[in-house]
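Here is what each chain is made of, one letter per residue.
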Amino acid sequence: MSNKTDSNSYTILFAIGMVLVVGALLAFVASSLRPKIDENKRIEKQQNILYAMGVNENDESSAVFISDKEVGEVFGKYITKQLVITNGTEAKEDEEAYLIDVKKEQSNAKDGKERRLPLFVGEKDGKTYYVAPIRGKGLWDAVWAYVAMDNNMVVQGAYFDHKGETAGLGANIKERFFMDDFIGEHLRDASGSFAGIAISKSNGDPLNKDKTDNEVDAIAGATITGDGVAAMIKSELKLYEPYFKTLKTN
């Protein structure tokens, strides 16, 4: 007599049962962790925004964020407005603009839907900063940044990060020696047209003293990542230009 547990029907039912049990457990764990995950995302975004406008705990060479415990209070101190821009120039205040998913908004635009552009206005040492979160494609996967500008679209600071660029090469976009080069760089050219910032291997200004040439030095061995960062800056920040044209310039 054959054992019931040897039958095909038992195997199928057992497999279905296991799938249901494991699925239920995973759903429970995901639901339980969701508040913590959301909180970590909030902390990370606020740290990135503050870092871009120079509110950080950097030492001589390393990039160091405001601590997790302090970031909420510090964010409230320095960020005076959170804006959501639509149709180029229409800006509305939204206290949860930092929760906007840039990747999702990019997908919406590709599908012909309205894209929302978050912009964070900060005040530090009597100066106004406009911080834009942007996203693009590196060599292997996504790259993203938070770029702080003044009202003339001159970069005041930036924080870059990536999902899977090569260690020691493309991954160096998040190192201070690369990020600090962007401070003072103009996004517009001499005629006032938006030009972006190229990541150039043939840059004739290795010390980056010329801030009006619309380029910075490339990272050795990271050409494709650098091209991706430059393309991201040009395509994404150009979307903000109509709003910046509405601001009073110096």
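First, a word on scope: everything that follows refers to the structure included in this document. Computed from a prediction, not measured in an experiment: that's the story for all the values here.

What counts and how
- For every chain, the first residue of its written sequence is number 1, and the numbers climb from 1 along that sequence.
- Owing to the predicted nature of the model, reporting of local features is limited to residues with pLDDT of at least 70; listing and counting of side-chain atom pairs is limited to 80 or more, with chain, interface and lining totals taken over all residues.
- Side-chain figures throughout are based on the complete set of non-hydrogen atoms in the structure, without hydrogens or water.
- Two strands are said to pair when DSSP picks up at least two bridges between them.
- Numbering of helices and strands runs from the N terminus, with a helix taken as a DSSP run of H or I at least four residues long and a strand as a DSSP run of E at least two residues long.
- Note on geometry: axes are C-alpha line fits, over the in-contact stretch for helices, and angles between N-to-C directions span 0 to 180 degrees.
- Note on contacts: a residue pair is in contact if any heavy atoms of the two residues lie within 4.5 Å.
- Using a 1 Å grid laid over the protein atoms alone, points where a 1.4 Å probe fits but cannot get out form a cavity; open sets with protein on both sides within 12 Å along at least 5 of 7 lines form a pocket; any residue with an atom within 4 Å of a point counts as lining.
- Grid points are joined across faces, edges and corners, and a volume is the space filled by probe spheres set on the points.
- Note on residue categories: nonpolar means Ala, Val, Leu, Ile, Met, Phe, Trp, Tyr, Cys or Pro, charged means Asp, Glu, Lys or Arg, and polar means any other residue, Gly included.
- Relative accessible area decides the class of each residue, using a 1.4 Å probe on protein chains only: under 20% of the type maximum gives buried, over 50% gives exposed, and in between gives partly exposed.
- It is the directions from the helix axis to the C-beta atoms that the arc portrays.

To continue, consider the sheet that holds strand β5 (residues 142–149). Here 6 strands make up an open sheet; going across it, the order is β2-β1-β3-β4-β5-β6 and the pairing antiparallel. Each end of this open sheet is capped by a strand with a single partner; those strands are β2 (90–93) and β6 (155–162). Ignoring strand direction, the axes of neighbouring strands in this sheet form an average angle of 25°. As judged from the 7 bridges shared by β5 and β6, these two strands associate in the antiparallel manner. When the bridges of β6 are listed, Trp-144 appears paired with Asp-161. Packing against the sheet, helix α2 (residues 68–78) makes contact with β1 (79–86) and β3 (117–124), and its axis sits at approximately 75° to β1. Along the sheet face, helix α5 (residues 223–237) touches β4 (127–137), β5 and β6 and points at about 120° away from the line of β4.

Attention now goes to the layout of surface pockets. Quantified by volume, the largest pocket comes out at close to 620 Å³. Taken together, 24 residues line the largest pocket, and the ones lying closest to its centre are Lys-45, Asp-101, Val-102, Arg-135 and Tyr-146. Put simply, the parts of the chain that give the lining of the largest pocket at least two residues each are α1 (8–52), α3 (102–110), β3, β4 and β5. Looking at the lining of the largest pocket, the element that brings in the most residues is α1, giving 7 residues. In terms of residue class, the lining of the largest pocket is built from 13 nonpolar, 1 polar and 10 charged.

Regular strands place side chains that alternate from one sheet face to the opposite one. For β5, the buried fraction is high: 8 of the 8 residues fall into the buried class. Alternating residues of β5 divide into Ala-142, Trp-144, Tyr-146 and Ala-148 and Val-143, Ala-145, Val-147 and Met-149, and every residue in both groups is buried. In this sheet, β5 lies alongside β4 in antiparallel orientation, the contact comprising 8 bridges. Within the sheet, the bridge partner assigned to Val-131 lies in β5 and is Ala-148.

With that out of the way, let us pick up α3. Looking only at α3, the buried set comprises Val-102, Glu-105, Gln-106 and Asn-108. Seen from one end, α3 has its buried residues packed into an arc of 160°, which puts them on one side. Set apart from the buried face of α3 by more than 90 degrees, the exposed residues are Lys-104 and Lys-110. Turning to α3, the residues buried within the fold contact β4 and α5.

Without other data, these values stay purely geometric and don't point to any function.
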